[in-house]
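Commentary on secondary and tertiary structure
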Amino acid sequence: MNVAALILLGALWGASFLFMRMGADAFGAIALAGMRALVGGACFLPLFIASERRAEWRAHWKPILLIGITNSALPFVLFSLAAKMLPAGLSSIFDAITPLLVAASGWLWLGEKLNAQSVTGLLLGLIGVVWLVGDSTLAGTYGTNAGWAMAACIGATVCYAFSVHYSHRRLRHISPLTAAASSQIVAAVVLLPLTVWLWPAATPAAPAWGAMIGLAVACTSVAYVLFFRLIAQIGTTRTMTVLYLIPAFGVLWGWWFLAEAFTPGMAVGCVVILAGVALTLGPVRTKTMKPAVQEPV
């Protein structure tokens, strides 16, 4: 049962790249991100019927406000921008570098120790990213703006890495689900004015609306609940193996529904990055990993 739930979580988070790809052109990057946060946040509102969640919000609203921007609003916009130019599979592969950035930033700025295995993993992951950027951009596969789209993906993972460290220091004493739900609501409020201002002149078609609803409800709200349920049942270490499933499903859904190509260059980059993640999150690190607010997508 837990294995099935883990696969379902990987499939849902992998599908977020498919839905962003399907909706970004019709809605525009910012309007899609805003609607994702608005609908997702609305799904989380019933959680705040509980008085303890409202008390956590009142006591920690300042750090929650920042996390809502760095963990939800900015990454949603950046990945939606990338979705206008990059295939879903490639964006999902870039998302897999988040744990590498978490480890690297912890070592560079917070004095966290890395063993030789983790350093090797970081170097491998860096090689994989450089390979992907060089292979795709130099070949001109995805147009002249592909480099900016890849930079947007990396920027989103930088936001996630910051959120992991910040939430661990400032929000470690509140329920992770409270922090996650609050971050969606904050993102909805922050993005609402821009969503209204940049609303597309042409009404998005039904498939784009379906993609937005799937992104907000299934890939955000349902996936979050499933994520924290798995942490409670099988622990953080086993739950975080979902990181290896996300790019696999991202590539699969892009190929299946959008006929996206999975090029040899993408395959090499994906394998090298995931090998780096495996080394960085090896047995020594994963035993001490803590659940973070960060949503992998």
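Look above for the structure.
Phi is mostly negative for residues that are not glycine, and the peptide bonds are mostly trans. Positive phi, close to 55°, is recorded for Ala259, a residue that is not glycine. Relative to the helices and strands, Ala259 is located in the loop between helix H12 (242-258) and helix H13 (264-280).

Once that is clear, we can look at the pattern of salt bridges. Pairing is possible between side chains of opposite charge, provided their charged atoms come close. Under the definition given, this model contains three salt bridges. Its salt-bridge partner being Arg169, residue Glu112 comes within 3.6 Å of it at the nearest N-O pair. Of this pair, Glu112 sits in the loop between helix H6 (98-109) and helix H7 (116-139) while Arg169 sits in helix H8 (residues 146-170), and the two are 57 residues apart along the sequence. Overall, Glu112 belongs to the partly exposed group, its relative accessible area being 25%. What makes Arg169 partly exposed here is its relative accessible area of 41%.

On to the nonpolar core. In a soluble, globular protein the nonpolar side chains are often hidden away together inside. Of all hydrophobic cores here, the largest spans 72 residues; its most connected members are Leu9, Leu86, Leu90 and Ile273. Not counting residues within four places of it along the chain, the set of residues in contact with Leu9 comprises Ala223, Leu226, Phe227, Leu230 and Val242.

Right, let's talk about the packing of helix H2 (residues 29-44) against helix H9 (residues 176-197) for a bit. Close contact between H2 and H9 brings their axes to 7 Å; oriented N to C, the two are set at 140°. What the angle tells us is that H2 and H9 run oblique. For H2 against H9, the interelement crossing comes out left-handed. Residues Ile30, Ala31, Ala33, Gly34, Met35, Ala37, Leu38, Gly41 and Phe44 of H2 pack against Leu177, Ala181, Gln184, Ile185, Ala187, Ala188, Leu191, Leu194 and Thr195 of H9. Residues that form the contact of H2 with H9 fall into these classes: 14 nonpolar, four polar and no charged.

With that settled, consider the packing of aromatic side chains. This structure, assessed with the given rule, holds 14 aromatic pairs. Taken together, a centroid distance of 5.3 Å and an interplanar angle of 55° make the contact between Trp13 and Phe227 tilted. You can see Trp13 sitting in helix H1 (residues 2-27) and its partner Phe227 sitting in helix H10 (residues 206-234), a full 214 residues away along the chain. Phe227 shares its class with Trp13; the two are buried. Geometrically, the ring pair formed by Phe79 and Tyr160 is tilted, given 6.5 Å between the ring centres and 35° between the ring planes. Of this pair, Phe79 sits in helix H4 (residues 61-83) while Tyr160 sits in helix H8, and the two are 81 residues apart along the sequence. Per residue, the accessibility class of Phe79 equals that of Tyr160, and both read buried. Aromatic rings pair up to connect Trp13, Phe44, Tyr224, Phe227 and Phe228 into one cluster. A cation over a ring is seen here: Arg36 above Phe76, with NZ or CZ 3.9 Å from the ring centre.

Our next topic: the packing of helix H3 (residues 51-59) against H9. It is the contact of H3 with H9, at a shortest axis distance of 10 Å, that shows an interaxial angle of 65°. Comparing the axis directions of H3 and H9 gives the class roughly perpendicular. In the packing of H3 onto H9, the handedness of the crossing is right-handed. Packed against H3, whose contacting residues are Arg53, Glu56 and Trp57, the element H9 presents Leu177, Thr178, Ser182 and Val186 at the interface. Its residues assigned to classes, the contact of H3 with H9 comprises three nonpolar, two polar and two charged.

Once that is clear, we can look at the side chain of Arg53. As for its placement among the helices and strands, Arg53 is situated in helix H3. Buried Arg53, no salt bridge; nearest opposite-charge side chain is Glu56, N-O distance 4.7 Å. One polar contact links Arg53 to Thr178, side chain to side chain, over a distance of 2.7 Å. Those residues in contact with Arg53 that lie beyond four places of it in its chain are Leu47, Phe48, Ser175, Leu177 and Thr178.

Definitions and cut-offs
- Residues numbered from 1 in each chain as written.
- Predicted model: local features only at pLDDT ≥ 70, side-chain atom pairs only at ≥ 80, totals over all residues.
- Heavy atoms only, no water.
- Helix = DSSP H or I, 4+ residues; strand = E, 2+ residues; numbered from the N terminus.
- Salt bridge = Lys/Arg side-chain N within 4 Å of Asp/Glu carboxyl O.
- Buried < 20%, exposed > 50% of the residue type's maximum accessible area, 1.4 Å probe, protein only.
- Core = buried A, V, L, I, M, F, W, Y, C linked by side-chain atoms within 4.5 Å.
- Contact = heavy atoms within 4.5 Å.
- Axes fitted to C-alpha atoms, helices over the stretch in contact; angles between N-to-C directions.
- Parallel < 35°, antiparallel > 145°, perpendicular 65-115°, else oblique.
- Left-handed = near helix turned anticlockwise from the far one by under 90°.
- Nonpolar A, V, L, I, M, F, W, Y, C, P; charged D, E, K, R; others polar.
- Phe/Tyr/Trp six-rings, centres within 6.5 Å; stacked < 30°, edge-to-face > 60°.
- Lys NZ or Arg CZ within 6 Å of the ring centre and 35° of its normal.
- Lys, Arg positive; Asp, Glu negative; His and termini not counted.
- Polar contact = N/O pair within 3.5 Å; in protein donor to acceptor, adjacent residues only side chain to side chain.

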